[in-house]
Every structure is written in structure tokens, then in C-alpha cells.
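# Coordinate analysis (summary)
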Amino acid sequence: MTAANVRLKLHFDLELVVPEPLASLERELLCKALAQALGPTVIQGLPVISGKQLGKSGIVLKAHHHHLDAVNLAPAAIDPRRIVAVAPHLTDAEAAALARKVAARLPHEDGEAALYLRRQALALINEYRLVPCVVSVLLASGKPTQIQGRLNLTNGHIFPGDEHRGVRLQAAQESLSVAVTGTSVMLEATCSGHTLTGPVLDVPVPALVPHREALLERWLQG
């Protein structure tokens, strides 16, 4: 039997658009799925057709081997925890969806990436997500009191109730204790001034992150 004296290697790159279930597979499983999709029609049929064509030139196909590889061209979704760290008002489902959407354009530098993710999160959900709260304060007279309000999880702003319109707080209060009603969550707010609607109270967004689950659960309760 005559031994083969030439090895022919044919190489094609096929760029595909695959359904989401396939796109999310890891490399090995993706290769298996594509091999199954091609089936014997391609994997076994190509050598047969090639043998017939080569035979017209007096060339004999002695053996054949195949190798299938696939590379996912789409960038991997980023860790949703990076999103909730800058946008704790998003639900798990919203953060996961955004993680897949923004991966391709995520800046490499951490600070820029955080700002980018925050902007994208607000572009996705910028509605008020309010939970009831009570803020312990000192009035301008020095008298301690409590302000009933609603904390916006989207940006940390606290809306005082209408009964507190015109209330003025004592200056230089470094931090104001905030209790989220119906939970054990305690936060600290600052007062940056006063308007016609009352004191301007805010909780830093990063301070919401450790309590995100409890705050979102309270928000869902309405």
C-alpha cells in the first residue's frame, strides 16, 4: 500500500451569529455544540467530496482528520457586583442585564470604569426608588427632633415629609442618623443647606451598598 507523501490542510474561518444559549457556553461546550450542529453532513461529507475532486487529478485520499475550534468574539459579561457597587438601586436581574450590555465599552481604568457603570445604570433606571425613613436631627433652636421622610435609593437623597416644610436645622451637624422604617438598617446623612421644601438631606450612595438587599426588599414592599 502506497504511503501518503503530502499532507493537505484546509482552513476556513466561519464567523457566526449564534443564539444566546450558545453564546453563553464555555469554549469546550461551544465546540461540542457546533460539531453536533454541523453533523456528519459536513464533518464526514467534506473528506468524501474532497476525495472525489482530488481523484480527478489522480490524487488518492489516504486518510483524513478534523479539528474544530471556536472562539467567542463577544466580550465576557462583567461581574454584576461591579455595577451594584456604584448603583445599589438596581435589582439583581437589572444588574445582570447591564453587565452583559456594557462589557464591550468598559474603560480599563478603575475610576473611569466606575463612572461609566454609574452613568449606564442611571440611563437604564433613573426613577425614584423610595423607602420610608426617620432622620434624627437638631433643630436650629437646639431641640432634638425626628424628620419623617423618604430615602431615594437611586441617588441617596432624602425627601422630608410636607409637615417639615420650612424646618431649619442647627448648623455644623456632621452626621445625622437615618433609620430606614421596617428594617434594621441605620445610615448617616448630611445636610447641605435648606430650601422651601425643608433641609437638603443626602446619604452617600456608597453607604447604601452594604445594605442593598434589605433596602431593595423594603422598596419592593412599597
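In case you missed it, the structure is sitting above this.
What counts as what
- Residues numbered from 1 in each chain as written.
- Predicted model: local features only at pLDDT ≥ 70, side-chain atom pairs only at ≥ 80, totals over all residues.
- Heavy atoms only, no water.
- Helix = DSSP H or I, 4+ residues; strand = E, 2+ residues; numbered from the N terminus.
- Rg over C-alpha atoms; globule rule 2.2 N^0.38 Å.
- 1 Å grid on protein atoms, 1.4 Å probe; cavity = no way out; pocket = protein on both sides within 12 Å on 5 of 7 lines; lining within 4 Å.
- Points joined across faces, edges and corners; volume = space filled by probe spheres on them.
- Pairing = 2+ DSSP bridges.
- Expected span 1.5 Å × (residues − 1).
- Buried < 20%, exposed > 50% of the residue type's maximum accessible area, 1.4 Å probe, protein only.
- Contact = heavy atoms within 4.5 Å.
- Polar contact = N/O pair within 3.5 Å; in protein donor to acceptor, adjacent residues only side chain to side chain.
- Salt bridge = Lys/Arg side-chain N within 4 Å of Asp/Glu carboxyl O.
- Axes fitted to C-alpha atoms, helices over the stretch in contact; angles between N-to-C directions.

A tally of regular secondary structure across the protein chain gives eight helices and six strands. The N-to-C order of helical and strand elements in the protein chain reads α-α-α-α-α-α-β-β-β-β-β-β-α-α. Its C-alpha atoms give the protein chain a radius of gyration of 31 Å, more than 25% over the compact-globule value 17 Å for 222 residues. With the C-alpha coordinates of the protein chain rotated into their principal frame, the extents come out at 105 × 35 × 25 Å.

A separate point is the layout of surface pockets. If you add up the space inside the largest pocket, you get close to 2100 Å³. Taken together, 44 residues form the lining of the largest pocket, with L10, H11, L46, H66 and H67 sitting closest to its centre. Put simply, the parts of the chain that give the lining of the largest pocket at least two residues each are α2 (27-43) and α3 (45-55). Sorting elements by how many residues they give to the lining of the largest pocket places α2 first, with six residues. Estimates place the volume of the second largest pocket at around 310 Å³. As for the second largest pocket, its lining consists of E20, A23, S24, L25, N72, A74, P75, A76, A77 and R100.

Taken together, the nine bridges between strand β1 (residues 130-138) and strand β2 (residues 144-152) define a ladder with antiparallel strand orientation. Looking at the pairing, L138 lines up with P144 of β2. Across four bridges, the pairing between β1 and strand β4 (residues 176-180) is antiparallel. If you follow V134 over to β4, its bridge partner there is A179.

Attention now moves to helix α6 (residues 110-124). Taking 1.5 Å per residue, 15 residues should reach 21 Å; α6 reaches 21 Å between its end C-alpha atoms and fits that length. Looking at α6, one finds that the buried residues are A113, Y116, L117, R118 and A121. In this structure, the buried residues of α6 make contact with α4 (80-84), α5 (92-102) and α7 (205-208). A side-chain oxygen of the first residue of α6 lies 3.0 Å from the backbone nitrogen of G111; this N-cap is E109.

Right, let's talk about the side chain of H89 for a bit. With respect to the secondary-structure elements, H89 resides in the loop between α4 and α5. Separated by 3.0 Å, the side chain of H89 and the backbone oxygen of I125 make a polar contact.

Take the pairing of β4 next. If a strand is regular, its side chains alternate between the two faces of the sheet. Only one face of β4 is buried: it carries L176, V178 and V180, and the other face, with S177 and A179, is open. Counted between consecutive antiparallel strands, the loop separating β4 from strand β5 (residues 186-195) contains five residues, among which G182 sits at a positive phi close to 85°.

Looking now at the side chain of N152. Tracing the sequence through the fold places N152 in strand β2. Setting aside chain neighbours within four positions, we find N152 in contact with E127, Y128, R129, L130, H157 and F159.

A separate point is the pattern of salt bridges. As enumerated under the stated definition, the model contains six salt bridges in all. Of the charged contacts in the structure, one is a salt bridge between E28 and K32, with a shortest N-O distance of 3.7 Å. Of this pair, E28 and K32 both sit in helix α2, four residues apart, which is roughly one turn of that helix. For the pair shown, E28 and K32 are each scored as exposed.

Turning our attention to α3. The set of residues buried in α3 consists of G45, P47 and G51. Each element contacted by the buried residues of α3 is listed here: α2.

A word on the sheet that holds β2. The strand order β1-β2-β3-β6-β5-β4 describes a closed barrel built from six strands, whose pairing is antiparallel. The average angle at which neighbouring strand axes cross in this sheet is 40°, direction not considered. Here β4 pairs with β5 via four bridges, running antiparallel. Paired with S177 across the two strands is E188, which belongs to β5. Strands β1 and β4 of the sheet are contacted by helix α8 (residues 212-221), whose axis makes an angle of about 115° with β1.

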